[in-house]
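Breakdown of the fold
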Amino acid sequence: MNYPIKIPPFAYNLLHSLLQRGVVEHDGNRLDFSEVQNISIQHGVMTFHPPAKVSIAVGPIKIKTTMSSLTVGADGVEVEIDYSPINIKVIPQ
């Protein structure tokens, strides 16, 4: 038995792109998981090996680097950008 789960088109398109191409893009920001070979999840931390590629625009600052892990917390998901003083926190609207 199949049971459909309806999500907003924006979320569906991100999920579809991630699963089909290994890439998520939105508003000029890009996460590229295509080269990630191993993902481990332990104690609220998702670790990528090798790291995922990241292109992020934060105001006038454009960052191209890698992301080794995501950490979930009570107030959001912390995107830990490698070699950068800037980390991103994803929170619900």
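Data block above holds the structure.
Residues numbered from 1 in each chain as written. Predicted model: local features only at pLDDT ≥ 70, side-chain atom pairs only at ≥ 80, totals over all residues. Heavy atoms only, no water.

It is worth spelling out the environment of threonine 71 at this point. Within the secondary structure layout, threonine 71 lies in strand E5 (residues 61–73). Between the alpha carbons of threonine 71 and isoleucine 41 there is a distance of 9.6 Å; along the sequence they are 30 residues apart. At 2.6 Å, the side chain of threonine 71 and the side chain of glutamate 80 are in polar contact. (Helix = DSSP H or I, 4+ residues; strand = E, 2+ residues; numbered from the N terminus. Polar contact = N/O pair within 3.5 Å; in protein donor to acceptor, adjacent residues only side chain to side chain.)

What follows concerns unusual backbone geometry. The step from histidine 49 to proline 50 runs through a cis peptide bond, and the omega angle for that step is -10°. With respect to the helices, strands and loops of the structure, proline 50 is situated in strand E4 (residues 45–58). Even without being glycine, aspartate 27 reaches a positive phi, approximately 50°. For aspartate 27, the position within the fold is in the loop between strand E1 (23–26) and strand E2 (29–32). Judged by its relative accessible area of 64%, aspartate 27 is exposed. One non-glycine residue, histidine 43, lies in the positive phi region at around 55°. (Buried < 20%, exposed > 50% of the residue type's maximum accessible area, 1.4 Å probe, protein only.)

Turning our eyes to something else, we now look at the side chain of serine 69. Assignment of secondary structure puts serine 69 in strand E5. Looking at serine 69, its side chain comes within polar contact range of the side chain of glutamate 80, at 3.3 Å. With residues up to four places along the chain from it excluded, the contact list for serine 69 reads Val45, Met46, Thr47, Phe48, Glu78, Val79 and Glu80. (Contact = heavy atoms within 4.5 Å.)

Two faces make up the sheet, and in a regular strand the side chains alternate between them. Pairing of E4 with E5 involves 10 bridges; the strand directions are antiparallel. Bridge assignment links methionine 46 to a residue of E5, and that residue is leucine 70. Between E4 and E5, which pair antiparallel and follow one another directly, the connecting turn spans two residues, one of which, glycine 59, has a positive phi of 60°. As paired elements, E5 and strand E6 (residues 76–81) share six bridges and run antiparallel to each other. When the bridges of E6 are listed, threonine 71 appears paired with glutamate 78. Connecting the antiparallel pair E5 and E6 is a turn made up of two residues. (Pairing = 2+ DSSP bridges.)

Time to look at the pattern of salt bridges. Applying the stated criterion across every chain yields a total of six salt bridges. Across the pair lysine 89 and aspartate 75 runs a salt bridge whose closest N-O atoms are separated by 3.1 Å. Note that lysine 89 is positioned in strand E7 (residues 88–90) and aspartate 75 in the loop between E5 and E6, a separation of 14 residues in sequence. What emerges from the salt-bridge pattern is a single network uniting Arg21, Glu25, Arg30 and Asp32. (Salt bridge = Lys/Arg side-chain N within 4 Å of Asp/Glu carboxyl O.)

On their own, these measurements won't tell you what the molecule is for.
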